[in-house]
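# What the coordinates show
For reference, the chains in residue letters:
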Amino acid sequence: MLEFTMSRVVLCICGVVLLGAVAIPFSGICSSNEDVRMTETADSIAEMIDSFYRSEADTMTLRGWDILPDAGCSMRAEGHVLILENNGKEYRSLIFCESEGFSLSYNGTVALERSDIGITAV
């Protein structure tokens, strides 16, 4: 009877160890997926700004709730770098055109104007 009880205890301990071995890498995969999605979002926004600069349009209005993934995100552009911020992390992407510098929050809007040297916030 003692052997049966001990085998069940050892079986439960092995199950907990196996569960821990699977849970730790899985949590790393989930956080990595979030980082990949945020980097792709920053790249998409940068491509949108570059497309505007190459277009014939003179102004473009960006609304934060349309391009940012959630209310905790904000964006800023400085020179040739676009920075997307989310929960204290920064995701950077390069933009082709020179930017005078502007920022956008989730509930905000910004109007961009195209010029010969780059884009400026109006």
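Structure shown above.
Overview of the structure. Because the structure is predicted, anything quoted here is derived from the model rather than measured. (Residues numbered from 1 in each chain as written. Predicted model: local features only at pLDDT ≥ 70, side-chain atom pairs only at ≥ 80, totals over all residues. Heavy atoms only, no water.)

## So, the overall build of the chain
To keep things clear, this is the line we draw: Each helix corresponds to a stretch of at least 4 residues labelled H or I by DSSP, and each strand to a stretch of at least 2 residues labelled E; elements are numbered beginning at the N terminus. The size measure is the radius of gyration over C-alpha atoms, and the globule rule it meets is 2.2 Å times the number of residues to the 0.38 power. Accessibility here uses a 1.4 Å probe with only protein chains present; expressed as a share of the type maximum, an area under 20% marks a residue as buried, one over 50% as exposed, and anything in between as partly exposed. Whether two residues are in contact is decided by their heavy atoms, any of which lying within 4.5 Å being enough. Where accessible areas are quoted, they stem from the Shrake-Rupley method and a 1.4 Å probe; at the residue level, only the protein chains shown are allowed to cover. In this count, Lys and Arg are taken as positive residues and Asp and Glu as negative ones, while His and the chain termini are left out. A charge is said to be at NZ when it belongs to Lys, at CZ for Arg, at CG for Asp and at CD for Glu.
Scanning the chain from terminus to terminus reveals 2 helices and 5 strands. Starting at the N terminus, the α and β elements of the chain follow one another as α-β-α-β-β-β-β. Over its C-alpha atoms the chain spans a radius of gyration of 24 Å, topping by over 25% the 14 Å that the globule rule assigns to 122 residues. Its C-alpha atoms give the chain principal-axis dimensions of roughly 85 × 25 × 20 Å. In the chain, which comprises 122 residues, the proportion classed as buried is 28%. Look at the contacts in the chain between residues 6 or more apart in sequence, and 54% of them connect residues 24 or more apart. Accessible area of the chain: about 7,900 Å², with a carbon and sulfur share of 61%. Treating the 8 positive side-chain charges of the chain as one cloud and the 18 negative ones as another, the clouds have centres 7 Å apart.

## Observations concerning the pairing of strand β5 (residues 118-121)
Short version of the rule: Two strands are counted as paired when DSSP detects at least two bridges linking them.
Sheet topology places strand β3 (residues 89-105) next to β5; 2 bridges connect them, and they run parallel. Bridge pairing links serine 99 to isoleucine 119 in β5. In this sheet, β5 lies alongside strand β4 (residues 109-114) in antiparallel orientation, the contact comprising 3 bridges. Directly across from leucine 112, in β5, lies its bridge partner alanine 121. Hairpin geometry of β4 and β5 is characterised by an intervening segment of 3 residues between the two adjacent antiparallel strands.

## What about the nonpolar core?
Selection criterion: We call a set of buried residues a nonpolar core when its members are Ala, Val, Leu, Ile, Met, Phe, Trp, Tyr or Cys and they connect through side-chain atoms within 4.5 Å of each other.
Core analysis: the largest hydrophobic core is formed by 24 residues, its most contacted members being Ile45, Leu62, Met75, Leu84, Phe102, Leu112 and Ile119. No other element matches helix α1 (residues 2-54), which puts 7 residues into this core. Every residue in contact with isoleucine 119, bar those within four places of it in the chain, is listed here: Ile49, Phe52, Tyr53, Cys97, Glu98, Ser99, Glu100, Phe102, Leu112, Glu113 and Arg114.

## What about the sheet that holds strand β2 (residues 73-86)?
For clarity, the threshold we go by: For every element, the axis is a line fit to its C-alpha atoms; helices are fit only across the contacting stretch, and the angle between N-to-C directions ranges from 0 to 180 degrees.
Here we have 5 strands laid out as an open sheet, ordered β1-β4-β5-β3-β2, and mixed in their pairing. The two strands at the open ends of the sheet, each matched to only one other strand, are β1 (59-63) and β2. Neighbour-to-neighbour, the strand axes of the sheet open up by a mean angle of 40°, direction not taken into account.

## Brief notes about the side chain of asparagine 86
Along the chain, asparagine 86 falls in strand β2. When its relative accessible area of 4% is taken as the criterion, asparagine 86 is described as buried. With near-sequence residues (within four places) excluded, asparagine 86 lies in contact with Glu34, Met38, Asp70, Gly72, Cys73 and Tyr91.

## Structural notes on the environment of glycine 118
Note that glycine 118 resides in strand β5. Taking the relative accessible area as the measure of exposure, glycine 118 reaches 2% and is therefore buried. Dropping the residues within four chain positions of it, glycine 118 is found in contact with Tyr53, Cys97, Glu98 and Glu113.

## Observations regarding a nonpolar patch on the surface
Note the following rule: A residue counts toward a patch only above 30% relative accessible area and without a salt bridge, and it is joined to like-charged neighbours within 9 Å or, for Val, Leu, Ile, Met, Phe, Trp and Tyr, to nonpolar neighbours within 5 Å. In what follows, salt bridge is the name for a side-chain nitrogen of Lys or Arg lying within 4 Å of a carboxyl oxygen of Asp or Glu.
A contiguous nonpolar surface patch, about 260 Å² in accessible area, is contributed by Val9, Ile13 and Val17. With respect to the helices, strands and loops of the structure, valine 9 is situated in helix α1.

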